[in-house]
Amino acid sequence: MVKIAVYGKGGIGKSTTVSNLSAALAERGLRVMQIGCDPKADSTVTLHSGRKLRTVLDLVREKGNGFSVHDMTAIGYRGIVCVEAGGPSPGTGCAGRGIIAALEKLKEKGAYETYNPDVVFYDVLGDVVCGGFTMPMRNGYADQVFIVTSGESMALHAASNIAQAVWNFRGRGYAKLGGLILNCRKVEREDEKVKELADDIHTAIVGSLDFSKTVQKAEALGKTVLETFPESQMAGEYRRLAENVMRACGGELPC
Amino acid sequence: MLKQIHGECGIQPACVAVRDAKFPKPFLQQPGLEFSSPARGVWNIVHIGMLLPQAHLIFVCPEGCLRGVVQTADEMNASGRLSTIDVRENNVLEGNIEKMMVDGVSDIIGKLPQKPPAVLIYASCTHHFIGCDLTVVYKALGKKFPDIAFGDCYMNPIMRKTGLTPEQLMRRQLYKLLQPREFDTKSVNIIGNCNRTDESSELVRLIRESGYGLKDIVLCKTYGEYLKMAESPLNITMLPIAHAAGVALQRRLSQKHVYLPLSYLYKDIEDNLNRLSDILHVPERNYSKNIAHAESSLHKAKKIIGNCPVAIDYTATPRPLSLARLLCEHGFAVARIYADEFSGEEKDDFLWLKEHCPEIEVCAVTDPRMRVAPNCTDGKVLAVGQKAAYFTGTDNFVNMVEGGGMYGFDGISRLAGLMADAFLHEKDTRKLIQIKGLGCNCCL
């Protein structure tokens, strides 16, 4: 089982990237589980035709412990197992604590054993702001962390912070930094800036995604690029990225 | 100045006749204000931790939360076995709580007159909230002190009503330091109890007279003796709060777990004993004499107690409905049962009482109305348990918690004797019930 956490600044395109990666890997016959770790609970929305999923924390709130692993999941495009951790209402509660509670509940309910996925993606909200957001990096969860960034200053700053967190935890057996994913925003010297960051944090850019309206069009249809425009250039980019990510994790994709 | 206000404001206790009560929760419990009666005989997480012989206990939590645990240790004359680490706001802000735990525990160990073989570390809700990675802490401590076993324990009141209760969790964690050993096929454990099970009970006699050695943490005087509990291929639990410990050990050490629940119904008792005989590969025994003795003891007690109202609470026994049924079947005037909730195991007893004794009152314990309910009744009352004694204001009570180590037909005989004695001889209720952890000196 390859377990991957994807971090990055809010709005940088993590969920879009992760969902397309999930779809690309599912196309290659892998069993994929995607876990959205964001109170907005919209990580997997393009994988199951925009239907709203019951979040793990909603279930905990409503049913205590009286629910099964299947209540927490929805099977989406090409059998992708979709999970949304959920969280408190905006402005209330503790989102970090919510992620901890949701991930613990998934483990407790035997989600990994039940679905036995080949690949698990944790799509994690924004920057590493508290202990809760490091949960997906911890021992027993993700093995590799990938950071989505553009050449924009704030995105680079967030990526640097996340890399710092991974570095801080290096002695703990947590996830290792797998690399950067460049999600282009047509910023001046974008490739160069992201390369500089990669060098600074001793990692590599595992893939680059062009700025493309195809992505927006697919999202407007509530689906991934892979499902809506499978022959498009962007679909090809996501497929290549999926191969690179798997390679960086030490795995190869079946032909 | 605080003024005691009980009995004067006309508020009735939160009670319902058993005929109208719902099972397993007779009262609508809403999160919020609760009443904690001054009856303190039940064991808390400090008492249970102290059962681990020679262990040192370290609580890591904000200063204000330490009051109760420090008092408990002091009351036990065991302050030397408990240390504390004060979590402050800056630990949360700086994110150094894990390092602070490692440094703090190391400092305490260095200052102890003797290095303990085991240290139980109690993390608090602060750790829970901020997502502290306790595995990192225990890993670091294990590396630093390879000759000390570290046990993870929890003082996390925010999770009191979620998942395992603190009592269940503590009893499970108490056995977590047991490591796999070669089984001694002639050894049996009783786990999860705070009372020593009576040697005269049919259960203990069955074990011993069948040639098996009995191990129980309440009998252990050294850490080495505790570790030998891993040699028993069989763990017996008899209390619902101990069940999780048995399940965990079965999974971790492959020790067979058999749950033989404390009950006051003859059939249940006989079934449990026969089940144990089967597991021990010995012939079933005939218990007719034991039953006759229990019957005789109950009749004797009834003669003495007569129609005096009897009140039972859930701290005296985890099966108050089963006990009420036994007593009603033998003519006792059971008037009240104090419990907020019943164990699912008691459903048959509940239905029996509903049909045969519908007037018995079920009274809440933590409902805030109990704070101001009159803690006195008209005439003499015999109480079984400290909370029942407190709420009825009686000095005639059986001072016991968690079944008092009484089990089986022998347990019924003993309890009947204690009830008769309590009816005849008053106790100093106020003095007795305010001491925490009845019988906890067995830890020392």
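Residues numbered from 1 in each chain as written. Chains lettered and ligands numbered in written order. Predicted model: local features only at pLDDT ≥ 70, side-chain atom pairs only at ≥ 80, totals over all residues.

Asker: Looking at this structure, how should I read the overall build of chain B?
Answerer: When helices and strands are counted, chain B shows 18 helices and 14 strands. Its C-alpha atoms give chain B a radius of gyration of 23 Å, near enough to 22 Å, the size a compact globule of 444 residues would have. For chain B, the spread of C-alpha atoms along the principal axes amounts to about 65 × 65 × 35 Å. Looking at chain B as a whole, 46% of its 444 residues are labelled buried. (Helix = DSSP H or I, 4+ residues; strand = E, 2+ residues; numbered from the N terminus. Rg over C-alpha atoms; globule rule 2.2 N^0.38 Å. Buried ≥ 20, exposed ≤ 12 C-beta atoms within 10 Å, placed from the backbone.)

Asker: Mind showing me how you'd approach the domain arrangement of chain B here?
Answerer: Note on interface size: it is often stated as the accessible area lost on association of the parts. All names here are of chain B. Partitioning chain B into domains gives domain 1 (15–39 + 298–443), domain 2 (53–173) and domain 3 (187–280). On a C-alpha basis, the centres of domain 1 and domain 3 stand 26 Å from each other. When residues of the side of domain 1 that touches domain 3 are assigned to their parent elements, the largest contribution, six residues, is made by helix H17 (residues 408–424). Tallied by class, residues from the side of domain 1 that touches domain 3 come to eight nonpolar, nine polar and five charged. (Domains from an automatic or database assignment. Nonpolar A, V, L, I, M, F, W, Y, C, P; charged D, E, K, R; others polar.)

Asker: When you look at the interface of chain B and chain A in this model, what are you seeing that I'm missing?
Answerer: With eight residues of chain B at the contact, the number on the chain A side is 12 residues. Going through the elements one at a time, helix H5 (125–130) and helix H6 (134–144) of chain B are the ones with two or more residues in the side of chain B that touches chain A. (Contact = placed C-beta atoms within 7 Å.)

Asker: It is not clear to me how H17(B) should be interpreted in this structure. Could you clarify?
Answerer: Residues that lie three or four places apart on an α-helix share one face, since the helix turns once every 3.6 residues. In a regular helix each residue adds 1.5 Å, so 17 residues correspond to 24 Å; H17(B) covers 25 Å between its end C-alpha atoms and thus fits that length. Within H17(B), 13 of the 17 residues are buried, which leaves it mostly tucked inside the rest of the structure. (Expected span 1.5 Å × (residues − 1).)

Asker: Can you walk me through unusual backbone geometry in this structure?
Answerer: Trans peptide bonds make up most of the peptide bonds, and negative phi angles are found at most residues other than glycine. Note that the residue after B:Phe23, namely B:Pro24, is joined by a cis bond; omega there is 5°. Relative to the assigned elements, B:Pro24 resides in the loop between strand E1 (15–17) and helix H1 (45–50). Even without being glycine, A:Arg189 reaches a positive phi, approximately 55°. Tracing the backbone shows A:Arg189 in the loop between strand E7 (176–183) and helix H7 (190–200). One non-glycine residue with positive phi stands out, namely B:Ser254, at about 60°. Among the secondary structure elements, B:Ser254 is positioned in the loop between helix H10 (243–253) and strand E9 (256–259).

Asker: How should the confidence of the model for chain B be read in this particular structure?
Answerer: Atomic detail in the predicted coordinates should be set aside for any region of low pLDDT. Residues and elements named next belong to chain B. Residue-level pLDDT values for chain B average 93, and 95% of them are 70 or greater. Predicted confidence for residues 1–5 stays below pLDDT 50, and this span has one contact to residues more than four positions away or in other chains. Predicted complex, confidence summary: ipTM 0.79, pTM 0.87. (pLDDT = per-residue confidence, 0-100.)

Asker: What is the right way to read the sheet that holds strand E7 (residues 213–216) of chain B from this model?
Answerer: Paired through backbone hydrogen bonds, the strands of a sheet run either parallel or antiparallel to each other. All names here are of chain B. The four strands are arranged E7-E6-E8-E9 in an open sheet whose pairing can be described as parallel. Only two strands of the sheet have a single neighbouring strand rather than two, namely E7 and E9. Each adjacent strand pair in this sheet contributes to an overall mean axis angle of 25°, direction not counted. Both strand E6 (residues 187–190) and E7 contribute to a ladder of four bridges, which runs parallel. Note that in E7 the partner of Val 188 across the bridge is Leu 214. The strands touched by H10 are strand E8 (234–237) and E9; relative to E9, the strand with the most contacts, the crossing angle is about 160°. (Pairing = 2+ DSSP bridges. Axes fitted to C-alpha atoms, helices over the stretch in contact; angles between N-to-C directions.)

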